[in-house]
Amino acid sequence: MAGSWLLGPDAGTPGERPTAVLVAVRGQEGAADSGPGSETSLTELRRLADTDGLTVADELVQNRPTPDPATYVGSGKVDELAALAERSHADLVIADGELTPGQVRNLEERVGVRVVDRTALILDIFAEHARTSEGRVQVELAQVAYQLPRLRGDGRSMSRVGGGRMAGGAGMGVRGPGEMRLESQRRTLRQRATRLRRNASELARRRERTRSRRARNQVPSVSITGYTNAGKSALLNRLTGADAQVRDVLFATLDPTVRRISTGQLTYTVTDTVGFVRHLPHQLVDAFRSTLEEVTRSDLTLHVVDAAAPDALDQITTVHGVLHEIGARDVPELLVLNKIDVAPSEWVDALCRVHPEAVPVSARTGAGIDHLRVELARRLRQR
């Protein structure tokens, strides 16, 4: 369920699913790309909202070359958005893109409800799904990094300029109560960030010691990566007999799960890592960098692809982009086409033509898993 971090202090009745209106700016009518505002991106935003316990009441798409710097959708479209939010009794508006503090302020003033962006929504989902102490620290650190540049004052009580008696006779142009309160909030967040970084560093050192022990014991490592909801945890369970959580939602697994596999004379570890998504907030990439180092230090990356997804090739490109960002582009990769039990055969054939070394499997039925185990062992022995 969406938390107060996303909904704000005036959240609705506990237990009820809040209502949201989605808004996007599309570069041109019917654009086929996967950027913010495209139909693919908007479909994913709906799933993200549903994962966070929100009910999507309606959507508004504005066709314009670039987002309006003041209101994101343009002045005329804001009135339409306000009427749509009122008719839908929306609790918040979610933009399919990252908003500037000024855009948020202008939209909230004219629409009359809380406005958040795609990044805030993803951060809220991560906060809900983090289970370990390391995961919670990383998510909170990402939230602080997101909040710091977005602090702002509201109304008379947050006036940022002092004068007269309020300024103690110091005259106009001095700091008012709003400015002092903003400084106090910034100081509190910065202190919190410092403590979180210290905790994250200690947790990272523990993870590094564990990796070092595996390296000393010459145990090869395989990291499972891929787009969110591609079936990574289900594949881990099928390969290792693990009991990792499997749910049909985005970002069901945030905390890495490590399991050991023995095949003949070969023993290796398999690690399930956090899934990726389009426009993954850079705050999360930075905060989860120590966890994602499991990928950079591994001997082989098992890149799981949802073969039943119409945009499977785009998802592969997205994952490769994140792997490049975290420094894992040189790690050998084995592509696994999952969900062949539900994917149209022509889609699987097309993916195999583009990626001839890929291994088609079904984590649900077990089809192709024996072949995958053999290929994994062969690749690791080569290493």
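A brief look at the structure comes next. If you're wondering where the values come from, they're calculated on a predicted model, not measured in any experiment. (Residues numbered from 1 in each chain as written. Predicted model: local features only at pLDDT ≥ 70, side-chain atom pairs only at ≥ 80, totals over all residues. Heavy atoms only, no water.)

**Regarding the environment of D299**
When you line up the elements, D299 lands in the loop between helix 10 (289–296) and strand 10 (300–306). Sequence spacing of D299 and E333 is 34 residues, and the spatial spacing of their C-alpha atoms is 9.1 Å. Discounting chain neighbours no more than four positions away, the residues touching D299 are V219, P220, S221, V331, P332, L380 and R383. A polar atom in the side chain of D299 sits 2.8 Å from the backbone nitrogen of S221. (Helix = DSSP H or I, 4+ residues; strand = E, 2+ residues; numbered from the N terminus. Contact = heavy atoms within 4.5 Å. Polar contact = N/O pair within 3.5 Å; in protein donor to acceptor, adjacent residues only side chain to side chain.)

**Describing unusual backbone geometry**
Phi at Y72 is positive, roughly 75°, even though this residue is not glycine. Mapped onto the secondary structure, Y72 falls in the loop between strand 2 (55–63) and helix 3 (75–88). With phi around 55°, H89 is a residue other than glycine that occupies positive phi space. Relative to the elements of secondary structure, H89 occurs in the loop between helix 3 and strand 3 (92–95). For H89, a relative accessible area of 66% translates into the label exposed. (Buried < 20%, exposed > 50% of the residue type's maximum accessible area, 1.4 Å probe, protein only.)

**Examining the nonpolar core**
Counting 38 residues, the largest nonpolar core has L54, L92, I94, L121 and F276 as the members making the most contacts within it. Per-element accounting of this core gives the leading share, 6 residues, to helix 5 (residues 118–129). Once you skip the residues sitting within four places of it in the chain, L92 turns out to touch L6, L7, T19, A20, V21, L54, V113, R114 and V116. By size, the runner-up hydrophobic cluster in this structure holds 23 residues, among which are Y268, V270, A363 and I369. (Core = buried A, V, L, I, M, F, W, Y, C linked by side-chain atoms within 4.5 Å.)

**As for the packing of aromatic side chains**
One pass over the full model with this rule turns up 0 aromatic pairs. The positively charged end of R150 is found above the aromatic ring belonging to Y146, 3.8 Å away from the centroid. (Phe/Tyr/Trp six-rings, centres within 6.5 Å; stacked < 30°, edge-to-face > 60°. Lys NZ or Arg CZ within 6 Å of the ring centre and 35° of its normal.)

**Let's talk about helix 2 (residues 39–51)**
The end-to-end C-alpha distance of helix 2, which contains 13 residues, comes to 18 Å, matching closely the 18 Å that a straight helix rising 1.5 Å per residue would cover. Trailing helix 2 by a residue or two, G53 shows a phi angle of about 80°, which is positive. (Expected span 1.5 Å × (residues − 1).)

**With respect to the sheet that holds strand 4 (residues 114–117)**
Read across the open sheet, the 4 strands follow the order 2-1-3-4; overall the sheet is parallel. Strands at the two margins of the open sheet, each flanked by one partner only, are strand 2 and strand 4. Here the average twist between neighbouring strands, direction ignored, is 25°. Pairing analysis gives 4 bridges linking strand 3 to strand 4, with the strands arranged parallel. (Pairing = 2+ DSSP bridges. Axes fitted to C-alpha atoms, helices over the stretch in contact; angles between N-to-C directions.)

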